[in-house]
Amino acid sequence: MGLAGFGVTARFALLAVVWGASFLFIKVGLGGLSPAQVALARVAFGALALGSVLAVRRRPLPRDPVLWSHLAVVSVLLCVVPFLLFSWAEQYISSGLASIFNATTPLITMLLAAAALPEERFTPPKVAGLLLGFLGVLTIVGVWHGVDVSHQLTAQLACLGATTCYGACFVYMRRFVSPRGTDPVVVAFGQTAAGTVILGLLAPVIATTPVHLDLAVVASMVALGVFGTGLAYVWNVRIIAAWGAANASAVTYLTPVFGVLLGVLVLGEPVSWNQPAGALLVVLGILAAHGRLKARRPAEPELVSR
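Residues numbered from 1 in each chain as written. Predicted model: local features only at pLDDT ≥ 70, side-chain atom pairs only at ≥ 80, totals over all residues. Heavy atoms only, no water.

## Concerning helix α6 (residues 124-141)
Link 1 in the chain: In this model α6 runs 26 Å from its N-terminal to its C-terminal C-alpha over 18 residues, within 8% of the 26 Å that 1.5 Å per residue would give.
Link 2 in the chain: Among all positions of α6, only Lys126, Gly129, Leu130, Gly133, Gly136, Val137, Thr139 and Ile140 are buried.
Link 3 in the chain: Count one or two residues on from α6 and you reach Gly142, which has phi positive near 75°. (Helix = DSSP H or I, 4+ residues; strand = E, 2+ residues; numbered from the N terminus. Expected span 1.5 Å × (residues − 1). Buried < 20%, exposed > 50% of the residue type's maximum accessible area, 1.4 Å probe, protein only.)

## Comments concerning the environment of Ala49
Link 1 in the chain: Of note, Ala49 is situated in helix α2 (residues 35-57).
Link 2 in the chain: Residue Ala49 is classed as buried on the basis of its relative accessible area of 11%.
Link 3 in the chain: Residues Ala49 and Leu130 lie 81 residues apart in sequence; the distance between their C-alpha atoms is 36 Å.
Link 4 in the chain: With residues up to four places along the chain from it excluded, the contact list for Ala49 reads Val226, Gly230 and Leu231. (Contact = heavy atoms within 4.5 Å.)

## Examining the packing of helix α4 (residues 95-102) against α6
Link 1 in the chain: As a packed pair, α4 and α6 sit with axes 11 Å apart at the nearest point and diverge in direction by 165°. As the angle between them shows, α4 and α6 are arranged roughly antiparallel. The handedness of the crossing between α4 and α6 comes out as left-handed. Across the interface between the two elements, Leu97, Ile100 and Phe101 from α4 touch Val137, Ile140 and Val141 from α6.
Link 2 in the chain: Considered class by class, the residues forming the contact of α4 with α6 number six nonpolar, no polar and no charged. (Axes fitted to C-alpha atoms, helices over the stretch in contact; angles between N-to-C directions. Parallel < 35°, antiparallel > 145°, perpendicular 65-115°, else oblique. Left-handed = near helix turned anticlockwise from the far one by under 90°. Nonpolar A, V, L, I, M, F, W, Y, C, P; charged D, E, K, R; others polar.)

## Let's talk about a nonpolar patch on the surface
Link 1 in the chain: Side chains of Leu261, Val264, Leu265, Val266, Leu267 and Val271 sit close together on the surface and give an oily, nonpolar patch of about 500 Å² of accessible area.
Link 2 in the chain: Within the secondary structure layout, Leu265 lies in helix α11 (residues 251-267). (Patch = residues over 30% accessible without salt bridge, like charges linked within 9 Å, V, L, I, M, F, W, Y side chains within 5 Å. Areas by Shrake-Rupley, 256 points an atom, 1.4 Å probe, with all protein chains shown as cover. Salt bridge = Lys/Arg side-chain N within 4 Å of Asp/Glu carboxyl O.)

## Concerning the packing of aromatic side chains
Link 1 in the chain: Tallied over the full model, the rule gives five aromatic pairs.
Link 2 in the chain: Centroid distance Phe23 to Phe86: 5.4 Å. Interplanar angle 75°. Geometry classified as edge-to-face. With Phe23 in helix α1 (residues 3-29) and Phe86 in helix α3 (residues 65-89), this pair connects stretches of sequence that are 63 residues apart. Just as Phe23 is buried, Phe86 falls in that class too.
Link 3 in the chain: Between Phe227 and Trp235 the ring centres are 6.4 Å apart and the planes differ by 35°, which places this aromatic pair in the tilted class.
Link 4 in the chain: Given a relative accessible area of 37%, Phe227 falls into the partly exposed group.
Link 5 in the chain: Owing to a relative accessible area of 14%, Trp235 belongs among the buried residues under this scheme.
Link 6 in the chain: Joined through ring pairs, the aromatic side chains of Phe23, Phe86 and Tyr166 make up one cluster. (Phe/Tyr/Trp six-rings, centres within 6.5 Å; stacked < 30°, edge-to-face > 60°.)

## Observations concerning the packing of α4 against α11
Link 1 in the chain: α11 packs onto α4 with a crossing angle of 175° between their chain directions and a minimal axis gap of 8 Å. The angle between α4 and α11 places the two elements in the roughly antiparallel class. Judged by residue contacts, Ser95, Gly96, Ser99 and Ile100 of α4 engage Pro256, Gly259, Val260, Gly263 and Leu267 from α11.
Link 2 in the chain: For the contact of α4 with α11, a count of residues per class yields four nonpolar, five polar and no charged.

Written out as structure tokens, the structure reads:
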């Protein structure tokens, strides 16, 4: 492997760690901030990081008001609502469990894309993958314990609501934003900047609780915004350019692993057997939906003329 290949591999590993650690940073941030304050800090630091990247690269911002209106919708679906939901949910569930639910995003995206985009219609592998993934979600929730309407169940549903927003946003972006060919880093800055404005306007209503800052809270919010929400997007774009979207998407499988591991090691969070088991079913569902569980035929011996 050359230096360039090693650099991409290092970014891939770092991306998995940073996105897995994002749920840890949220949990630590909640020690001194409300869920809305965590979400606002996340998009604000993310916009600052991405804005700095654009300034260094001297990339101009788009002036098309229609594009900015689309980016506002993207911001609501990809930043504002899911960031609020994940932050609220982690008041009642572990950061590791939240990271596991985040892994359902590809399956929900596939479901919504099949419903909204004619070219993404259902196929037998997709149906099998969705059913397997749904079984994984039921395993994570632990439905055999019965339905107990509590904050913990509501928090898990909030996580699924967040990933549903992600799925809806990816479909929306594919239809209204991607065809415009805008620089992905510009799109990322636009959505985080719009999210900062939206949450900033809502702050006097939803972010009024007292703030208790210490080094851990501040460092977590900076790391969550600058790395988990800002620079990680730039790394992901470079990985996709080097490896292709299919290979780059494998980070989805590693994110919950690091999320659970960091929650256990740093916060001492407990893990029930059904959580990693359900996560495994979700990952298998994603692989099945993309046709990656098919058994490969053994290669036929080549005929060599001598």
